[in-house]
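If you want the building blocks of each chain, they are given just below.
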Amino acid sequence: MFTPAVLREHVPFLPPIRNTDKLFQSRDKLRGSLSGTSKARAQTKAKEPEQTSQVEDDSNKYSLTKDEVAIFRNSHKHNLCVEMLRQGYHRSFSELLALIHRWNATRAAAEHGASIWQQQPLEEQHHKLDQLQHLLTRAETAQRAGRYEEVYENQVALACYFVEPEDKWLSHHFYETGLVSARRVKQDGGRREAEANSNMGHVCTERGQLETAREHYEAFHHLTEGQAWKDEAGRTLHSQACQCLWGIYTLLADKMLENKEYGPAIETLTKAFQMAKEGGDKAVEGQAAYRVGLAYQSAGNHRTAERYLNLYVDISTVLGDEESLGNAYKAFAKSLESEGKLGESVEYLEKFVEVSQDESLKHNLEEACMCLGVFFCSKGQYDRGCQHFERAYEIAQHLNNVCVLQKAQVYLGTARACMMMASYSGQVAQARRVDTCKLVAWKESRNDMFIDADATARESPLHNPVSRR
Amino acid sequence: MSAKINPLANPKGANKVCELCEEPAYIQCTKCFVTFYCGREHQDDDWIAIHQKVCQLLIPVRTPVPYYTLEAEREQHCTQILERQKLLMEISQMVAEKKLFEKRHKESLPAALLSLRSAMDIYGTSGVQLVPAYLLLAEANIGLGNLSPAEQYLTWADWTVVRTPDCSRTVRNKLHRCMGRLFIVKGNLEEALFHLANDIYYASEEYGQDSIVTCGGYFLMADVFFKQGKMDIVNSLYTEVANTWHSHLSKLLEKHIENTITPEESFDEAQQAEADQMLRSMLDVPDGCPEQQPDQSAALAHSLGMLWLLDKDPAKALEFGKRALLYSQLVPDCSLTEPIQRLLQLAEEDLNAANKGWPELPHYPSAHTENQKST
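Numbers given to residues run from 1 along each chain, matching the order in which its sequence is written. Chains carry letters and ligands carry numbers; both start at the beginning, A for chains and 1 for ligands, and go up in the order they are written. For this predicted model, a pLDDT threshold of at least 70 governs which residues receive local features, and a threshold of 80 or more governs which side-chain atom pairs are given and counted, while totals over whole chains, interfaces and linings are taken from all residues. Side-chain measures here rest on the full set of heavy atoms in the structure, leaving out hydrogens and waters.

Asker: I'd like a description of the overall build of chain A, backed by residues and values.
Answerer: The helix and strand labels rest on DSSP assignments: H or I over at least four residues marks a helix, E over at least two residues marks a strand, and numbering proceeds from the N terminus. When helices and strands are counted, chain A shows 23 helices and zero strands. Exposed residues in this analysis have more than 50% of their type's maximum accessible area, buried residues have under 20%, and partly exposed residues fall in between, with area computed by a 1.4 Å probe over protein chains only. Among the 469 residues that make up chain A, the fraction classed as buried is 40%. Per-residue accessibility takes into account occlusion by the displayed protein chains alone, with areas from the Shrake-Rupley method and a 1.4 Å probe. Of the roughly 26700 Å² that chain A leaves accessible, carbon and sulfur atoms contribute 52%.

And the structure:
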């Protein structure tokens, strides 16, 4: 009687209560992410006989283990720490906690508004903490077993993981600890210690502690001496060490030169040159020789400077490197000029022009022309000076460098003015009627009419045009 | 001291129950008339444990409130009672702790119970202040081997802590350590590790990583790993503990020599006993453990020597110092040799001073002896 005409689908009045599959999925994921111990525990649960009644199965499904509760209730850092400690990784735990405390202390020490307050605290960056935990525990396992090379590798992996600028300190920290464990590696003859020293050298250079960096690089150099170790790219570690030392010596010498301590600077640069020679890279060797030459030059010892510059020239000629050849010639010219050998100086400057003809060396060419111009002007040969300045100006127009262009303009202008000066002042002094007319005409036209007019005027004494610059 | 009472003669609604077991009471204390017991035995236990110290204090707390006409008087009475209850709680807690340290678990039980009762009177049944009392009870029960009541108390304590989100780390640390102990005794090592890990975490956050409180957790953990047979972990934990104690004691000795030691820093007897036991058990390697490094043994023996020197027992200090020196000679260029020799020197000086008796002061007849003579 009450049967409906159409069979209706059975639609429950309330939505199904057990619509909790999503929750279970997320929980299963959590279980998966839990540690080995809790996995083991979960497995033992799974192994329970399947005849368990539905009720028990449900309660199993709904109940949470202590670990799962802890995941929700405690911070991620807390869970990580507990996880590590449960497996006995107490060193990893204390290192992790010490790092977090160190970051917090740094922030507390920094004043409000410093950039560190903008950063996310380390303990809230979960992926970083996870990575730390993973590699630290692996390192500790290796340490317990006495496999220090593995410890070292894990620490270096950590150091490489932290690349962002605000994580630099972490990277530095792990390079430091890496050095400690590398020192305990016995089997490899000191290769890892050498590498760790090289890393520490980089770290110290980045921090600006050049002296410490030098010590580390020296240790690196010492350890690689006589060994044929090669890196992935096929370069020997020894030549790397030499190059690193060259770099740090040069940096140190730069500092000394800034303070005008020429003696020690030359000494350091000579050491750098030795290293560059030992490293076997010709380009670097040339560069080193050039730096020594320059240092001698600024100390006033032009003879020795020329000797080193000659070395540089030789190497550059062999390598066919025109840019460095140009640099060498320029330095030579400067040396000779200060020695008073003006003719030779000009020769070198002209050589400088010659080797700088290449399209990519336009800036050098411009510089060479400027040098020549300045030289001729200082000798009073304004017309030749002008020629060179004009050429420099032309090149500068294509260089897209406003500063250089303006400089060329000013120099050219001064040189031209100086060129006119003699006849102009001569005419002003004589003050004949013809002269007055000429002056008036010039004032009107502002065209250069003096040069052809009075050739004798050039012999009259001149102002030093250089001082007018 | 005890008078019999008959439960049937009690006024209606007033059930007198035993102070210890909460069974119907048959006798009462005649000094305070407010404590009741089921029998002679419980009364004696309670008397020895705590009652002799608090008998008179209990009277005002347990007698019914007299009739006051003024609001102010009633309030004053209330605050007075509250203060007394707090005092009672403190005293009983202290007594319980002391007895626990002395390993007299049975005697600490009634004291702990009283402290829990007074805490409940003050803070209600769910205050976080109840947790220390629960922990004392649990610890006493663990010591007596009654695991199920211990677990019961710990569960209550745990529940109380869970319900208090801003609970301090000190309390959490103590709770987890106690639970760790319980599970070690029960043989559930995984659970024990879980709790000890939490304990160490809270302790390091609260006291710092190189504090001796954290160290206690590490030591218990080493015990668990020892039972699991993971010797490499045990060794590394022992090294950690030994180093921490060694540096702590060295600092203390340094201060002791300079005479700048503060009362908070110095040990009390219980801590001293605990430290002694801990260091000794690490020094005397149990069988089946790989041979210890001589430098670690030297550090341990040195620590023990310093510990005893600080505790004014130069003979023992000398003994351990000599042992430490022996170990340190096994290690090439050991950095410890010099401090050990200094320790030996100090111990010998102390020993000589003790043998000679007190430094010779000019003898003045005291007023007391004068009086005796005159009488």
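Asker: Residues and numbers for the interface of chain A and chain B, please.
Answerer: The partner chain B presents 22 residues to the 22 residues of chain A that form the contact. When residues of chain A are sorted by the area they lose upon contact with chain B, Lys66, Arg86 and His90 of chain A head the list and together hold 28% of the total. Ionic pairing is found between Glu205 of chain B and Lys77 of chain A, a salt bridge with its closest N-O pair at 2.7 Å. Definition of a polar contact: a pair of N or O atoms within 3.5 Å, with one able to donate and the other able to accept a hydrogen when the atoms are protein atoms, and with sequence-neighbouring residues admitted only if both atoms are side-chain atoms. The interface formed by chain A and chain B holds five residue pairs in polar contact (both at pLDDT 80 or more) in total. Listed by contribution, the elements that provide at least two residues to the side of chain A that touches chain B are helix H2 (36-46), helix H4 (66-73), helix H5 (76-86) and helix H6 (90-109) of chain A. Take the side of chain A that touches chain B: its biggest share by element is seven residues, from H6 of chain A. Residue contacts follow a heavy-atom distance rule, with two residues in contact if any of their heavy atoms lie within 4.5 Å. Buried area, as used here, totals the accessible surface that two parts lose on assembly, with accessibility defined by a 1.4 Å probe and the loss added over both. Criterion for a salt bridge: a side-chain nitrogen of Lys or Arg within 4 Å of a carboxyl oxygen of Asp or Glu.

Asker: Just give me the short version of the pattern of salt bridges, but keep the residues and values in it.
Answerer: Across all of its chains, the model carries 28 salt bridges over all chains by this definition. The salt bridge partner of Glu107 of chain B is Lys99 of chain B, with a shortest N-O separation of 3.1 Å. Exposure remark for Glu107 of chain B: the relative accessible area of 24% places this residue in the partly exposed category. Through salt bridges with shared partners, a single ionic network connects Lys77 and Glu123 of chain A together with Arg169, Glu205 and Glu206 of chain B.

Asker: Please provide a residue-by-residue account of the state of the cysteines, values included.
Answerer: Residue and element names in this part refer to chain B. For the purposes of this analysis, a disulfide is any pair of cysteine sulfur atoms at a distance within 2.5 Å. A complete count under the given rule lists zero disulfides over all chains for this structure. With no disulfide of its own, Cys32 lies 3.8 Å from the sulfur of Cys29, the closest cysteine sulfur. Residue Cys32 is classed as buried on the basis of its relative accessible area, which comes to 5%.

Asker: Requested: an account of unusual backbone geometry, with residues and values cited.
Answerer: Excluding glycine, most residues fall at negative phi; most peptide bonds, likewise, are trans. All names here are of chain B. For Glu22, which is not a glycine, the phi torsion comes out positive at approximately 60°. Mapped onto the fold, Glu22 is located in the loop between strand S1 (2-4) and strand S2 (27-29). With relative accessibility at 52%, the residue Glu22 sits in the exposed group. The phi angle at Lys103 is positive, at roughly 65°, despite the residue not being glycine. Residue class for Lys103 comes out exposed when judged on its relative accessible area of 60%.

Asker: Tell me about the side chain of Asn79 of chain A, and please be specific about residues and values.
Answerer: Counting through the fold element by element, Asn79 of chain A comes out in helix H5. Within the local environment of Asn79 of chain A, its side chain forms a polar contact with the backbone oxygen of Ala70 of chain A, the two atoms lying 3.5 Å apart.

Asker: Residues and numbers for a negative patch on the surface, please.
Answerer: The patches described consist of residues with a relative accessible area above 30% and no salt bridge, like charges being joined within 9 Å and nonpolar side chains (Val, Leu, Ile, Met, Phe, Trp, Tyr) within 5 Å. By the counting scheme adopted, Arg and Lys are positive, Glu and Asp are negative, and His together with the chain ends is not counted. All charge positions are set by atom: Lys at NZ, Arg at CZ, Asp at CG, Glu at CD. There is a patch of like negative charges on the surface, built from Glu344, Glu347, Glu350 and Glu354 of chain A. With respect to the secondary-structure elements, Glu344 of chain A resides in helix H17 (residues 342-355).

Asker: I'd like to hear about the packing of aromatic side chains, residue by residue, with values.
Answerer: Stacked, edge-to-face and tilted labels apply to pairs of Phe, Tyr and Trp rings (six-membered ring for Trp) whose centres lie within 6.5 Å, assigned for plane angles under 30 degrees, over 60, and everything in between, in that order. Per the stated rule, a full pass over the model turns up eight aromatic pairs over all chains. Judged by centre distance (5.1 Å) and plane angle (80°), the ring pair of Tyr161 of chain A and Phe162 of chain A falls under edge-to-face. The exposure class assigned to Tyr161 of chain A is partly exposed, which follows from its relative accessible area of 30%. Ring centres of Phe219 of chain B and Tyr238 of chain B lie 6.1 Å apart, and the angle between their planes is 20°; this geometry places the pair in the stacked category. Taken together, the residues span a long stretch of sequence, with Phe219 of chain B in helix H8 (residues 212-228) and Tyr238 of chain B in helix H9 (residues 231-258) at a distance of 19 residues. Overall, Phe219 of chain B belongs to the buried group, its relative accessible area being 15%. Members of the aromatic cluster, each reached through a chain of ring pairs, are Tyr161, Phe162 and Phe174 of chain A. Criterion for a charge above a ring: Lys NZ or Arg CZ within 6 Å of the ring centre, and within 35 degrees of the ring normal. For Lys316 of chain B, the ring lying beneath its charged end belongs to Trp308 of chain B, and the centroid distance is 4.3 Å.

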